[in-house]
Amino acid sequence: EAGVAQSPRYKIIEKRQSVAFWCNPISGHATLYWYQQILGQGPKLLIQFQNNGVVDDSQLPKDRFSAERLKGVDSTLKIQPAKLEDSAVYLCASSLAPGDAGANVLTFGAGSRLTVL
Amino acid sequence: KNQVEQSPQSLIILEGKNCTLQCNYTVSPFSNLRWYKQDTGRGPVSLTIMTFSENTKSNRRYTATLDADTKQSSLHITASQLSDSASYICVVSAKGGGNKLTFGTGTQLKVEL
């Protein structure tokens, strides 16, 4: 089975520029997550989708971050304008819908490493 | 506030030696606890899951324990290999809708010759 695909793997931008990350989850996974992982720390949830609806975006800095999952499959995460502290790995993960057997088994992508100069 | 704390923060051991990683949590109501392995430059991969009724579970050279009373878990790695070098992250799931997960900051393990 194909895993969670993310692109780009690496991105270097200057502060105040914009950047977008793309994620294609495992087929059939209704839940999609975006995490931010700063070096030396555990992943921090930015936003969680159930199909194309937002379940939790309480930790998403909405003044600069946005995410969408229009057709309930692929998702994009955008940062505009970027700040130095946004330098991190952005991990996308997917899982079955809550209530389904194995729903809390997250499959992660390899991540997109962002460096803001 | 739900929290997961891991220790040690980092660890260096010689190949072939055993090691134990610790995880303490204050997540409530508890649903399950999962250990993930994250290789450098990769996403986390699930190693094992512990539910409330399970005390010990083994997966090859990895053995996880759970004490739900003291809210502690450990991951024991036997006969370490160079490929075990990675970050090990403890993730605790709370009961209720939405699949709420709390991540620890991880233990960075390095296995040397």
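What counts as what
Residues numbered from 1 in each chain as written. Chains lettered and ligands numbered in written order. Predicted model: local features only at pLDDT ≥ 70, side-chain atom pairs only at ≥ 80, totals over all residues. Heavy atoms only, no water. Helix = DSSP H or I, 4+ residues; strand = E, 2+ residues; numbered from the N terminus. Rg over C-alpha atoms; globule rule 2.2 N^0.38 Å. Buried < 20%, exposed > 50% of the residue type's maximum accessible area, 1.4 Å probe, protein only. Pairing = 2+ DSSP bridges. Axes fitted to C-alpha atoms, helices over the stretch in contact; angles between N-to-C directions. Core = buried A, V, L, I, M, F, W, Y, C linked by side-chain atoms within 4.5 Å. Contact = heavy atoms within 4.5 Å.

Asks: For the overall build of chain B, give the residues involved together with the corresponding values.
Replies: The number of helices and strands found in chain B is zero helices and eleven strands. Starting at the N terminus, the α and β elements of chain B follow one another as β-β-β-β-β-β-β-β-β-β-β. Its C-alpha atoms give chain B a radius of gyration of 14 Å, within 12% of the compact-globule value 13 Å for 113 residues. Dimensions of chain B, computed from C-alpha atoms along their principal axes, come out at roughly 45 × 30 × 20 Å.

Asks: Explain the pairing of strand β11 (residues 107-112) of chain B to me, using residue names and the numbers behind them.
Replies: All names here are of chain B. Side chains T107, L109 and V111 project from β11 onto a buried face, and the interleaved Q108, K110 and E112 project onto a face without burial. The sheet contact formed by strand β2 (residues 10-14) and β11 spans five bridges and is parallel. By the bridge assignment for β11, I13 is matched with V111. Looking at chain direction, strand β9 (residues 86-94) and β11 are connected through three bridges and run antiparallel. Looking at β11, one finds that S87 is bridged to Q108.

Asks: Outline unusual backbone geometry, listing residues and values.
Replies: Here the amide bond leading from A:Q80 into A:P81 is cis, since omega sits at -5 degrees, within 30 degrees of zero. Each neighbour pair has its own omega, and for B:S7 with B:P8 the value is -10 degrees, a cis peptide bond. Note on placement: B:P8 falls in the loop between β1 (4-7) and β2. Even without a glycine there, the phi angle at A:N51 is positive, about 55 degrees. Assignment of secondary structure puts A:N51 in the loop between β5 (44-50) and β6 (53-56). With a relative accessible area of 41%, A:N51 lands in the partly exposed category. With phi around 60 degrees, B:K71 is a residue other than glycine that occupies positive phi space. Its location among the elements puts B:K71 in the loop between β7 (62-67) and β8 (72-77). Look at B:K71 and you get partly exposed, because its relative accessible area is 32%.

Asks: How would you sum up the sheet that holds strand β1 (residues 5-7) of chain A? Please name residues and give values.
Replies: Residues and elements named next belong to chain A. Taken together, four strands build an open sheet; the order of strands is β1-β3-β8-β7 and the sheet is antiparallel. If you trace the sheet from one side to the other, it starts and ends with β1 and β7 (65-68), each paired once. Sheet twist, expressed as the mean angle between neighbouring strand axes with direction ignored, is 15 degrees. With four bridges connecting them, β7 and strand β8 (residues 75-79) associate as antiparallel partners. Across the sheet, residue A67 finds its bridge partner in β8, namely L77.

Asks: Just give me the short version of the environment of A:I13, but keep the residues and values in it.
Replies: All names here are of chain A. You can see I13 is positioned in strand β2 (residues 10-13). For I13, a relative accessible area of 5% puts it in the buried group. The sequence separation of I13 and K83 amounts to 70 residues, and the corresponding C-alpha distance is 9.8 Å.

Asks: Now, about the nonpolar core: what can you tell me, with residues and values included?
Replies: Core analysis: the largest hydrophobic core is formed by 24 residues, its most contacted members being B:Y25, B:L33, B:W35, B:L75, B:Y88 and B:V92. For this core, the secondary-structure elements that each account for two or more residues are β3 (19-25), β4 (30-38), β5 (45-51), β7, β8, β9 and β11 of chain B. Setting aside residues no more than four positions away along its own chain, B:L75 makes contact with B:C19, B:T20, B:L21, B:W35, B:L47, B:Y62, B:T63, B:A64 and B:Y88. A:F21, A:F49, A:F65 and A:A82 belong to the second largest nonpolar core, which has 21 residues in total.

Asks: Explain the sheet that holds β3(B) to me, using residue names and the numbers behind them.
Replies: Residues and elements named next belong to chain B. Reading across the sheet, the five strands line up as β1-β3-β8-β7-β6 and stay open at both edges, with antiparallel pairing between neighbours. In this open sheet, the two strands that pair with only one neighbour each are β1 and β6 (56-59). Each neighbouring strand pair of the sheet contributes to a mean axis angle of 15 degrees, computed without reference to strand direction. Strand direction decides the pairing type here: β6 and β7, joined by four bridges, are antiparallel. Its bridge partner lying in β7, T56 is registered against T65.

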